[in-house]
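These are the residues of each chain, in order.
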Amino acid sequence: MAESLPLEMLTYILSFLPLSDQKEASLVSRAWYCAAQNALRETNVRYNIPVSSASLLAIKSLGLRGISCISLTNLDSSPTSQLVLQSVAYHLGPHLQSLCLGGGSPTEASFVALILGCPALRTLDLSGCNSLFTSGTLLAQPEMAQRVRQALSGLRELNLACLRNLADLSFNQLSSCAPSLERLSLAYCHLTFELGPAQVSISPQDYSPSQLSFRNLLRFVKERAGKLRALDLSGTGLPPEALQSLGQVAGLQLQELSLHSCRDLSTESVVTLCHQQPGLTSLDLSGCSELTDGALLAVSRGLQHLQHLSLGKLQRLTDAGCTALGGLRELQSLDMAECCLVSGRELAQALGSVHGAPPPLTSLKLAYCSSLKDASVLSLIPALGPSLRVLDLSSCVALSNQTLQAICTYHTHLSVLRLAWCKELCDWGLLGLEESSEKTALYPQVLQFPQLRQLSLSLLPALTDMGLVAVARGCPSLEHLVLSHCSHLTDEGWAQAAGSWPRLQHLNLSNCSQLTEQTLDTIRQACKQIRVLDVAMCPGINVVAVRRFQAQLPQVTCVQSRFVGGADLTLTL
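Structural notes, computed from the coordinates. If you're wondering where the values come from, they're calculated on a predicted model, not measured in any experiment. (Residues numbered from 1 in each chain as written. Predicted model: local features only at pLDDT ≥ 70, side-chain atom pairs only at ≥ 80, totals over all residues. Heavy atoms only, no water.)

### A closer look at the overall build of the chain
Working step 1: Each helix and strand in the chain was counted, giving 21 helices and 22 strands.
Working step 2: Taken against the 2.2 N^0.38 rule, which gives 25 Å for 573 residues, the C-alpha radius of gyration of the chain at 26 Å falls within 12% of a compact globule.
Working step 3: Each principal axis of the C-alpha atoms in the chain carries an extent, and together these give about 80 × 60 × 55 Å.
Working step 4: Per-residue burial for the chain yields a buried fraction of 52% across its 573 residues.
Working step 5: Sequence separation of 24 or more characterises 76% of the internal contacts of the chain that already satisfy a separation of 6 or more.
Working step 6: For the chain, the accessible surface area stands at approximately 24,300 Å², while carbon and sulfur atoms represent 53% of it. (Helix = DSSP H or I, 4+ residues; strand = E, 2+ residues; numbered from the N terminus. Rg over C-alpha atoms; globule rule 2.2 N^0.38 Å. Buried < 20%, exposed > 50% of the residue type's maximum accessible area, 1.4 Å probe, protein only. Contact = heavy atoms within 4.5 Å. Areas by Shrake-Rupley, 256 points an atom, 1.4 Å probe, with all protein chains shown as cover.)

Structure below.
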């Protein structure tokens, strides 16, 4: 009997299961429950805790289980929030390693008290917590700063993204309390740039109480160059001269750099960066609209150990820039979404290079690459290795059923597949047929993705109940499904398909004009794990049916139901 196995062995076995299956396994027996909790803890699952008095008992329970990674939502300066923070510090603090307060508004006093109770923190997310930095006095008292420095002595990652009130003084006060910092995010903070000799050095009297200056950040990087490994300056307006100054800091050996939407960066500055920081393993240049093929050529030649590359929204990138991608033999994820001039021909040749095995890609995103054609994608699909798990071809409007059938043939181990608005796809592609035929029973279905967790087929005007049933039979493990604007789907199709999706948690059926409340009843009976449902602008579903659905499934956290039955309503629990 499995229950007789030692707890350690059960934990090891369950650790191979997806998260949803681990949760289901925890219901089998007490022994499996304990083993599943151990497996969840070992995989650093983040627990989202809403700030309310009802959460206090759950916090105590999580503390008994040794949970080490949490996120607090709806945090403000109310007495309830302060009580929750005290409970977190007492029950979870001693072993808490990752804490996210993103978007919250805690008071300075309650925040400091929480941090003092969490001496094992490795990751702290304060993104959007503007209230902490409004006064500029956070950790201004030397005695308190010293105590916080002791508590944060092991902090490795600090997220300060989207802080409009962050200034030199408050940044220095907080960062000085984290001497072991390796990863820093200042994404979408307002950085000021004073280029020239003024940025070379900065004295304490030059610290700004109201602005976050690049020269102060540069001072920080110089002081921490030996330890700093990851930096996120996305959306800061970083100019080419500033990037050059950053890249040439003595002793700095970055592994990860994110420059998303730094629109002023030039191709020449990226070329220089690749010479300065050849050890980069992750680089995000998406949205840097001035970059051309030369930037990609420099990346491919200079960053031999690159594993993650994001090049989305580079409108000047062409096939010529893709030719050198074959040199990145360790590449694991590639994002080229919205690169509209890339047809895929050179990309297929580069990733399927004859110089050796293809790079071990696990994720490829080519959404909105409107120049992609079947011919190039059909060459690309077989070239991708068996490690591929995520494939996004959304809005590649010229792709046909041939592409879908190639995906079904070569990549049955996908966990995420997005084909939204690939408007040429139809049932016959899902069924593996060359053209419409009434004798579908004579043909085996090619759509077999036993490990697929997320699938997007929205805006497919030719998808009917026949295709829906094929998807249900071929993809039984789906947890996220998007079928919005599929106007041919009916209640009968859902009656046949829903039973195949017991794990379904997020379902989008907005603008499915033929569905009625009968589909809601079908989903309620068959999909017991459903958490989020979108039936907005479904004229056949009325408000009464939506309310009944939520009343009968209390675990549902959100039902989007704008304009159902002609009403304007959004229900959120």
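### Let's talk about the pairing of strand S2 (residues 69–73)
Working step 1: Within S2, four of the five residues are buried, which leaves it mostly tucked inside the rest of the structure.
Working step 2: Taken together, the four bridges between strand S1 (residues 47–50) and S2 define a ladder with parallel strand orientation. By the bridge assignment, Ile-49 is partnered in S2 with Leu-72.
Working step 3: Handedness of the S1-helix H4 (residues 56–64)-S2 crossover: right-handed. (Pairing = 2+ DSSP bridges. Right-handed = clockwise from strand over helix to strand, strands pointing away.)

### Some remarks on the layout of surface pockets
Summary: where empty space remains is shown by rolling a probe the size of a single water molecule over the atoms.
Working step 1: Each pocket or cavity is described by its volume, and for the largest pocket that value is around 970 Å³.
Working step 2: Considering the residues around the largest pocket, the lining is formed by 22 residues, among which Lys-23, Arg-46, Tyr-47, Asn-48 and Arg-531 are closest to the centre.
Working step 3: The residue makeup of the lining of the largest pocket, split by class, is ten nonpolar, seven polar and five charged.
Working step 4: Its volume calculated, the second largest pocket comes out at about 280 Å³.
Working step 5: Every residue lining the second largest pocket is counted, 17 residues in all, and those nearest its centre are Glu-157, Arg-183, Ala-230, Asp-232 and Glu-256.
Working step 6: Elements with a minimum of two residues in the lining of the second largest pocket: strand S4 (123–125), strand S5 (157–159), strand S6 (183–185), strand S9 (230–232), strand S10 (256–258) and strand S11 (282–284).
Working step 7: Residue composition of the lining of the second largest pocket, by class: five nonpolar, five polar and seven charged. (1 Å grid on protein atoms, 1.4 Å probe; cavity = no way out; pocket = protein on both sides within 12 Å on 5 of 7 lines; lining within 4 Å. Points joined across faces, edges and corners; volume = space filled by probe spheres on them. Nonpolar A, V, L, I, M, F, W, Y, C, P; charged D, E, K, R; others polar.)

### Digging into unusual backbone geometry
Working step 1: In this structure, Ser-395 takes a positive phi of about 60° despite not being glycine.
Working step 2: Structurally, the position occupied by Ser-395 is in the loop between strand S15 (390–392) and helix H16 (401–410).
Working step 3: Relative accessible area serves as the criterion here: at 12%, Ser-395 is assigned to the buried category.
Working step 4: With a phi angle near 60°, Leu-459 is a residue other than glycine that sits in the positive phi range.

### Examining the packing of aromatic side chains
Working step 1: Going through the model one piece at a time under the given rule, you end up with three aromatic pairs.
Working step 2: On the numbers, 5.2 Å between centres and 75° between planes, the contact of Phe-171 with Phe-220 is edge-to-face. Remark: Phe-220 occurs in helix H9 (residues 214–223) and Phe-171 occurs in helix H8 (residues 168–175); sequence separation between them is 49 residues. Of the two residues, Phe-171 and Phe-220, both sit in the buried class.
Working step 3: Judged by centre distance (5.5 Å) and plane angle (35°), the ring pair of Phe-193 and Phe-214 falls under tilted. Here the residue Phe-193 occupies a position in the loop between strand S7 (191–192) and strand S8 (212–213), and Phe-214 occupies one in helix H9, the gap between them amounting to 21 residues. (Phe/Tyr/Trp six-rings, centres within 6.5 Å; stacked < 30°, edge-to-face > 60°.)

### Describing the environment of Cys-118
Working step 1: For Cys-118, the location among the structural elements is in the loop between helix H6 (108–116) and S4.
Working step 2: Considered as a pair, Cys-118 and Ala-242 are 124 residues apart in the sequence and their alpha carbons are 36 Å apart.
Working step 3: Setting aside anything within four residues of it in sequence, one finds Cys-118 in contact with Gly-93, Leu-96 and Ala-151.

### Let's talk about H6
Working step 1: Every buried residue of H6 is listed here: Ser-110, Phe-111, Val-112, Leu-114 and Ile-115.
Working step 2: Packed against the buried residues of H6 are helix H5 (79–91), strand S3 (98–100), S4 and helix H7 (142–151).

### Examining the nonpolar core
Working step 1: Counting 169 residues, the largest nonpolar core has Leu-160, Leu-309, Met-336 and Trp-494 as its most contacted members.
Working step 2: Examining the composition of this core, we find that five residues originate from one element, H9, more than from any other.
Working step 3: Once residues lying within four places of it in the same chain are set aside, the contact partners of Leu-309 are Leu-283, Leu-296, Val-299, Leu-325, Leu-328, Leu-331, Ser-333, Leu-334 and Asp-335. (Core = buried A, V, L, I, M, F, W, Y, C linked by side-chain atoms within 4.5 Å.)

### Concerning the pattern of salt bridges
Working step 1: Taken as a whole and judged by the stated rule, the model has eleven salt bridges.
Working step 2: With a shortest N-O distance of 3.6 Å, Asp-319 and Arg-345 are connected by a salt bridge. In this pair, Asp-319 sits in helix H13 (residues 319–322) while Arg-345 sits in helix H14 (residues 345–351), placing the two residues 26 residues apart along the sequence.
Working step 3: What makes Asp-319 buried here is its relative accessible area of 9%.
Working step 4: Here Asp-392 and Arg-418 are joined by a salt bridge, their closest N and O atoms 3.9 Å apart. With Asp-392 in strand S15 and Arg-418 in strand S16 (residues 416–418), the pair connects residues that are 26 residues apart, well separated along the chain. (Salt bridge = Lys/Arg side-chain N within 4 Å of Asp/Glu carboxyl O.)

### Concerning empty space enclosed by the protein
Working step 1: Using the criterion set out here, one finds two cavities of 30 Å³ or more in the structure.
Working step 2: By volume, the largest cavity amounts to about 40 Å³.
Working step 3: Lining the largest cavity we find Leu-404, Leu-419, Leu-425, Cys-426, Leu-430, Leu-457, Leu-460 and Leu-463.
Working step 4: Taken together, the residues that form the lining of the largest cavity break down as eight nonpolar, no polar and no charged.
Working step 5: As a volume, the second largest cavity reaches approximately 30 Å³.
Working step 6: Considering the residues around the second largest cavity, the lining is formed by Leu-404, Leu-417, Leu-419, Leu-430, Leu-447, Leu-455, Leu-457 and Val-471.
Working step 7: Taken together, the residues of the lining of the second largest cavity break down into eight nonpolar, no polar and no charged.

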